[in-house]
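Chain by chain, the residues run as shown.
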Amino acid sequence: MAKDSPMDIQKYFEKTKKEIDETLNKILPKGKDILSKTMRYSVFAGGKRLRPILVIATAQMLGAKKDEAMLPACVIELVHNFTLIHDDLPCIDNDDFRRGRPTLHKVYNEAIAILTGNALLNFAFAVLAKRNQTLSSSVRIKLIEELSEALGICGLVGGQVEEMSFRGKDLSLSTVKDIYMKKTAALISAAVRIGAIIGKADKKELALLTNYGKNIGFAFQVSDDILEFISGEAREKKDEPNYVLYSNLKKAKDVAKEKIELAKENLHYFGRRAERLLRIADYIINRDS
Ligand code: GRG
């Protein structure tokens with residue numbers, strides 16, 4: 001049972017993030033070649049590691065050991081970094097900075113950024129398929145299925161294409177919601193589901209955790225929009241949808257809060273074991289970056 005006090009969840013985040021970073025450092029190529037450097041430039045840029053923490057916290061809640069969840073957690077982070085590199089490209093969002101540093105295509109060039117993204121994605125699946133010694137092959141196949149579905153037409157790729165095809169057009173709020181569910185919530189919910197599969201969740205548990213994941217995933221994108229709106233970044237990114245601009249700041253905050261409450265309702269069934277996942281849900285709307 002997780003016994004974190006509100007203060008301790010911060011400690012849990014810090015400790016788990018450190019362990020995730022150590023594992024990423026161990027598994028990523030260390031050569032002097034370009035790809036070893038560019039993959040590391042992207043992965044060690046100060047990300048929050050929310051998705052891998054979700055994998056681990058969910059698996060632990062269901063009784064799995066941290067070690068069993070660590071490699072799949074790192075795989076999600078590798079994939080997340082791939083999506084950020086491609087998202088920043090001039091042909092997609094055209095961002096010059098990410099996490100306060102120049103984006104990869106600015107430091108190198110577009111071809112290198114595209115290929116680094118591809119290298120991270122393929123490397124991630126190779127780790128999931130081959131290197132994890134603690135999970136059975138049938139579990140690993142399930143995880144590969146989860147992740148590839150989340151990234152596919154009904155997930156990240158589909159969401160990004162939908163977002164781009166609507167650029168310059170008036171979007172309905174329901175289209176914005178659909179894009180957010182695919183572009184952002186799909187990977188966050190896959191992180192929770194992957195943790196649940198590692199923890200051998202039964203059908204009911206998996207359904208509850210899926211709802212938790214989808215709701216925190218949506219709230220995460222709305223809170224990202226709120227942070228970009230407050231910092232003024234949303235005005236610079238006029239082409240990209242921002243929930244605040246489709247409603248207003250108060251409504252966006254209310255929607256994010258409402259989704260977090262909905263997410264948390266799915267955790268009642270797990271009782272006190274769900275303490276960490278409850279606090280992660282709160283963190284999503286209370287964070288400042
Ligand atoms: C999946 C094949 C395939 C292609 C990718 C580019 C693309 C298609 C999708 C874009 C997905 C994307 C980057 C959505 C934005 C999600 C988001 C709010 C990211 C920021 O996440 P944080 O704040 O980042 O967790 P840190 O920096 O903490 O890691």
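**Q** What exactly am I supposed to notice about empty space enclosed by the protein here?
**A** A water-sized probe rolled over the atoms picks out the places where empty space is left. In total, this model carries two cavities of 30 Å³ or more according to the counting rule given. Reported here for the largest cavity is a volume of approximately 140 Å³. Lining of the largest cavity is provided by 14 residues; of these, Ser42, Ile85, Asp88, Arg98 and Leu104 occupy positions nearest its centre. At four residues, helix 4 (residues 66-88) tops the list of elements feeding residues into the lining of the largest cavity. Split into classes, the residues belonging to the lining of the largest cavity amount to six nonpolar, four polar and four charged. Lining the second largest cavity are Glu228, Ala234, Lys237, Glu240, Pro241 and Asn242. In terms of residue class, the lining of the second largest cavity is made up of two nonpolar, one polar and three charged.

**Q** Can you help me understand the packing of aromatic side chains in this one?
**A** To describe a pair of aromatic rings, one takes the distance between the centres and the angle between the planes. Within the structure shown, the criterion is met by four aromatic pairs. With 5.0 Å between their ring centres and 50 degrees between their planes, Phe13 and Tyr283 make a pair best called tilted. Taken together, the residues Phe13 in helix 1 (residues 6-27) and Tyr283 in helix 14 (residues 275-286) connect sequence positions 270 residues apart. With 5.3 Å between their ring centres and 90 degrees between their planes, Tyr269 and Phe270 make a pair best called edge-to-face. In this structure Tyr269 comes out as partly exposed when scored by relative accessible area, which is 41%. Through successive ring pairs, a cluster of aromatic residues spans Tyr180, Phe218 and Tyr243. Cation over ring: Arg101 sits above Tyr41, and NZ or CZ is 3.8 Å from the ring centre. Residue placement shows Lys259 over the ring face of Phe218; its charged tip is 5.3 Å from the ring centre.

The rules behind the values
Residues numbered from 1 in each chain as written. Predicted model: local features only at pLDDT ≥ 70, side-chain atom pairs only at ≥ 80, totals over all residues. Heavy atoms only, no water. 1 Å grid on protein atoms, 1.4 Å probe; cavity = no way out; pocket = protein on both sides within 12 Å on 5 of 7 lines; lining within 4 Å. Points joined across faces, edges and corners; volume = space filled by probe spheres on them. Helix = DSSP H or I, 4+ residues; strand = E, 2+ residues; numbered from the N terminus. Nonpolar A, V, L, I, M, F, W, Y, C, P; charged D, E, K, R; others polar. Phe/Tyr/Trp six-rings, centres within 6.5 Å; stacked < 30°, edge-to-face > 60°. Buried < 20%, exposed > 50% of the residue type's maximum accessible area, 1.4 Å probe, protein only. Lys NZ or Arg CZ within 6 Å of the ring centre and 35° of its normal.

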